[in-house]
Amino acid sequence: MVGVSSSTIGVSEADHYQLDYDYYKHSCPNLEAIVKEQVSTILFIDPSSPAAFLRLLFHDCQVQGCDASILLDYEGSEIVSTKNFGIRKQEKIQQIKTALEAECPGQVSCADIIALVARESVAFSGGPEIQIPLGRKDSRTSNHQQADIHLPSSGISVDEFLHIFMSKGMNLQESVAILGAHTLGVGHCRNIVDRLYDPHPDSQIINHSFELLLRLECPTRTPLTNLTVVPNDMTPFIFDNRYYRDVTAGNGLFGIDSGIYRDPRTASVVNQFALDQNHFFQVFSSAFVRLSSTNVICDAEGEVRSICNRVNE
């Protein structure tokens, strides 16, 4: 298991509640076994689920911190933001929550479930087994305008990307490693057509054969449907270092993928990860813990929701 050395992370020593690797040791000792069993069943039915769960975590943590605010479903909540287009599997978090409520009612937050499910998704897909601290509380607020502001756009620059993740305490290697999540899943044509039909010099595709292939997959400036997708890399169901190997071959799907190979600050890191999958796994694990532990609610400002898509009454 990969983790960090401290038993607590991301909160002041003065806080009564802290993220802790043994947070549920007494209140819900079978938590991780239940989550693993539930996730295994979900993934067996739908192999595309790991990518959806990983994206759900990232989009939750980018707005207000990792607080399950993305699950709140009411007029004006962050899930309605256009930048949350394609978010899936929220109902599966509730399914797992229901199983946990039967075992240990009122104990496990939806925010911790999101983090655990993303972690299991990485491991089930062939990636590293990551130990993460727990004890997040659920937010009582959610705002689509905050999502519009804080979620990265598909055309994000390397400068903007590094600012976002290094402001969360990541170093340069961790920032590049977190992009390795693109090794799972697909990209929507609507998010890459600008690169194909109205390219900025910095976002041009390096490999012209790959560009021609994308034009076949996404043949029009305006996609015929929002469901038109392209695999993120050549092994979209396996968590591996194929993403970086594709990037070094000029086959980066998004502008940021090509950008990190062009940029002298990040190019050497991309090459390292392309050559050494174990090194990528190690750095990704560290980045995952850091991201999932940023700006969490660990005290009475939050709650443990009974139902994940609405606040407690």
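Below, the structure is looked at part by part. Since the structure is predicted, the reported quantities are computational estimates derived from the model, not experimental observations.

Definitions and limits used
Residues numbered from 1 in each chain as written. Predicted model: local features only at pLDDT ≥ 70, side-chain atom pairs only at ≥ 80, totals over all residues. Heavy atoms only, no water. Salt bridge = Lys/Arg side-chain N within 4 Å of Asp/Glu carboxyl O. Helix = DSSP H or I, 4+ residues; strand = E, 2+ residues; numbered from the N terminus. Buried < 20%, exposed > 50% of the residue type's maximum accessible area, 1.4 Å probe, protein only. Contact = heavy atoms within 4.5 Å. Phe/Tyr/Trp six-rings, centres within 6.5 Å; stacked < 30°, edge-to-face > 60°. Disulfide = S-S within 2.5 Å. Lys, Arg positive; Asp, Glu negative; His and termini not counted. Polar contact = N/O pair within 3.5 Å; in protein donor to acceptor, adjacent residues only side chain to side chain.

This part covers the pattern of salt bridges. Tallied over the full model, the rule gives 14 salt bridges. Between Arg215 and Glu211 there is a salt bridge, with the nearest N and O atoms lying 3.5 Å from each other. Pair noted here: Arg215 and Glu211 are both in helix α9 (residues 208-217), with a separation of four residues, about one helical turn. When its relative accessible area of 16% is taken as the criterion, Glu211 is described as buried. When salt bridges with common partners are traced through the structure, they connect Glu32, Lys36, Arg119 and Glu120 into a single cluster.

Quick look at the environment of Ile79 now. Relative to the helices and strands, Ile79 resides in the loop between α2 (49-62) and α3 (90-103). Spatially, the C-alpha atom of Ile79 lies 36 Å from that of Ser268, the residues being 189 residues apart in sequence. Discounting residues that sit within four places of it in the chain, Ile79 has contacts with Ile70, Leu72, Asp73, Asn84, Ile87 and Gln90.

Another point: the packing of aromatic side chains. To describe a pair of aromatic rings, one takes the distance between the centres and the angle between the planes. Under the defined criterion, the tally for this structure stands at twelve aromatic pairs. Geometrically, the ring pair formed by Phe284 and Phe288 is tilted, given 6.1 Å between the ring centres and 45° between the ring planes. Of this pair, Phe284 and Phe288 are both found in helix α13 (residues 277-292), four residues apart, which corresponds to roughly one turn of the helix. Taking relative accessible area as the criterion, Phe284 reaches 0% and is therefore assigned buried. Chaining the aromatic ring pairs together yields one cluster made of Phe239, Tyr243, Tyr244, Phe273, Phe280, Phe281, Phe284 and Phe288.

A word on the state of the cysteines. Applying the stated rule across the entire model yields four disulfides. Between the sulfur atoms of Cys28 and its disulfide mate Cys104 the distance is 1.9 Å. Within this pair, whereas Cys28 is found in the segment before α1 (31-45), its partner Cys104 is found in the loop between α3 and α4 (110-124), the two being separated by 76 residues in sequence. Accessibility classification places Cys28 together with Cys104 in one group, the buried group. For Cys61, the disulfide goes to Cys66, at an S-S distance of 2.0 Å. Negative torsions about the S-S bond denote left-handed disulfides, and the value of about 120° found for Cys61 with Cys66 makes this one right-handed.

With respect to the secondary-structure elements, Glu78 resides in the loop between α2 and α3. Nearest to the buried, unbridged Glu78 among oppositely charged side chains is Arg305, at 8.0 Å. Polar side-chain contacts of Glu78 include one of 2.8 Å to the side chain of Ser69. Other than its neighbours up to four places away in sequence, Glu78 contacts His59, Asp60, Val63, Gln64, Ser69, Ile70, Asn84, Ser142, Asn143, His144 and Ala147.

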